Amino acid sequence: MKIIAIGRNYAEHAKELNNPVPTVPVIFMKPDTALLRENKPFYHPDFSEDIHHEIEIVLKVCKEGKHISEKFASNYYDEIALGVDFTARDIQQKHKEKGLPWELAKAFDGSAPVSNFIPKEKYGDLYKLNFKLDINGQTRQEGNTRDLLFSFERIIAFVSRYITLKKGDLIFTGTPQGVGKVNVGDHLQAYLENEKMLDFYVK
Ligand code: MG
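Asks: Which residues make up helix α4 (residues 152–162), and what are the values?
Replies: α4 sits mainly inside the fold: eight of its eleven residues count as buried. Taken residue by residue, α4 has Phe152, Glu153, Ile155, Ile156, Ala157, Phe158, Val159 and Ser160 as its buried positions. Where α4 is buried, its residues meet β1 (3–7), β2 (26–30), β5 (55–61), β6 (77–84) and β12 (170–172).

Structure below.
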């Protein structure tokens, strides 16, 4: 199982980090050791002073495919979840300046908390989904999938030109604006269409 993630997929988030709005999807990966399930606590790593939260819609791939056309891409994911793409922003910034890859900033242990998955049929229009992240009871990030730069189908078509997707793979689809630092003791709660999906602490 692999985790593929899309960067800069909401224009307002790209702008808040002074990044250009991309013309093709920006992708990176996290290993399976990044996955954190069942609202287990996230242990703040000691190698970063600036771990950021990025709340994202996560797709679960339901069958193997490569060179998937955008037209048929919706057949390749059947469930969605919320996830947090924890990012060591200080490390990422240094690596961006030097043109180095992002893995140390993105792929560390526990950097991918993921909620339970819900069949996508439960939702009418997947491009009108509200989601948000509260920290200590205050809303920090609010997004709506209508603002995605690259649709779920476009992401699957793009990624599968390069990397075969397999059943059980997860795709983080990008974060809206409002990213920021988490601290030890923070209580994170995330909602998809007003249903609580994540509820865990930073330790
Ligand atoms: Mg992200």
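Asks: Please provide a residue-by-residue account of the pattern of salt bridges, values included.
Replies: Side chains carrying opposite charge are able to pair once their charged atoms draw close together. Summed over the entire model, instances satisfying the criterion amount to eleven salt bridges. With its nearest N and O atoms 3.4 Å apart, the salt bridge here joins glutamate 12 to lysine 15. Of this pair, glutamate 12 and lysine 15 both sit in helix α1 (residues 11–16), three residues apart, roughly one helical turn. Exposure remark for glutamate 12: the relative accessible area of 42% places this residue in the partly exposed category. With relative accessibility at 48%, the residue lysine 15 sits in the partly exposed group.

Asks: Residue-level account of the sheet that holds strand β7 (residues 87–88), with values.
Replies: The three strands lie next to each other as β7-β4-β13, forming an open sheet whose pairing is antiparallel. Two strands close off the open sheet at either side, each with one partner strand: β7 and β13 (180–181). Bridge analysis of strand β4 (residues 51–53) against β13 gives two bridges, and the strand direction is antiparallel. Note on β13: the bridge partner recorded for histidine 53 is glycine 180.

Asks: Mind laying out unusual backbone geometry, listing which residues take part and the relevant values?
Replies: The phi angle at glutamate 38 is positive, at roughly 55°, despite the residue not being glycine. Here glutamate 38 shows up in the loop between β3 (35–36) and β4. Backbone geometry places glutamate 193, a non-glycine residue, at a positive phi of 50°. Along the chain, glutamate 193 turns up in the loop between β14 (187–192) and β15 (195–201). Its relative accessible area of 36% is what places glutamate 193 among the partly exposed residues.

Asks: Lay out the sheet that holds β15 with the relevant residues and their values.
Replies: Ordered by their spatial adjacency, four strands build an open sheet running β11-β10-β14-β15, and the pairing between neighbours is antiparallel. Two strands bound the open sheet, and with one partner strand each, they are β11 (138–144) and β15. This sheet shows a mean twist of 15° between the axes of neighbouring strands, independent of strand direction. Alignment of β14 against β15, held across six bridges, turns out to be antiparallel. The residue of β15 that forms the bridge with leucine 192 is glutamate 195.

Asks: I'd like a description of the nonpolar core, backed by residues and values.
Replies: Counting 46 residues, the largest nonpolar core has Ile57, Ile80, Leu82, Phe86, Ile156 and Leu192 as its most contacted members. Elements that contribute at least two residues to this core include exactly β1, β5, β6, β10 (130–135), α4, β14 and β15. The element contributing the most residues to this core is α4, with five residues. Among residues more than four places away in sequence, those in contact with isoleucine 80 are Ile57, Val58, Leu59, Asn116, Phe117, Ile118, Tyr123, Leu126, Leu129 and Leu192. Listed in part, the twelve residues of the second largest apolar core include Ile3, Ala5, Val58 and Trp102.

Asks: Give a description of the pairing of β11 that names residues and reports values.
Replies: As paired strands, β10 and β11 are joined by six bridges and run antiparallel to one another. From the neighbouring strand, asparagine 130 faces β11, where its bridge partner is asparagine 144. In textbook terms, the turn of a hairpin is the stretch between consecutive antiparallel strands, and for β10 and β11 this stretch comprises two residues, one of which, asparagine 136, has a positive phi near 50°.

Calculation notes
- Residues numbered from 1 in each chain as written.
- Predicted model: local features only at pLDDT ≥ 70, side-chain atom pairs only at ≥ 80, totals over all residues.
- Heavy atoms only, no water.
- Buried < 20%, exposed > 50% of the residue type's maximum accessible area, 1.4 Å probe, protein only.
- Helix = DSSP H or I, 4+ residues; strand = E, 2+ residues; numbered from the N terminus.
- Contact = heavy atoms within 4.5 Å.
- Salt bridge = Lys/Arg side-chain N within 4 Å of Asp/Glu carboxyl O.
- Pairing = 2+ DSSP bridges.
- Axes fitted to C-alpha atoms, helices over the stretch in contact; angles between N-to-C directions.
- Core = buried A, V, L, I, M, F, W, Y, C linked by side-chain atoms within 4.5 Å.

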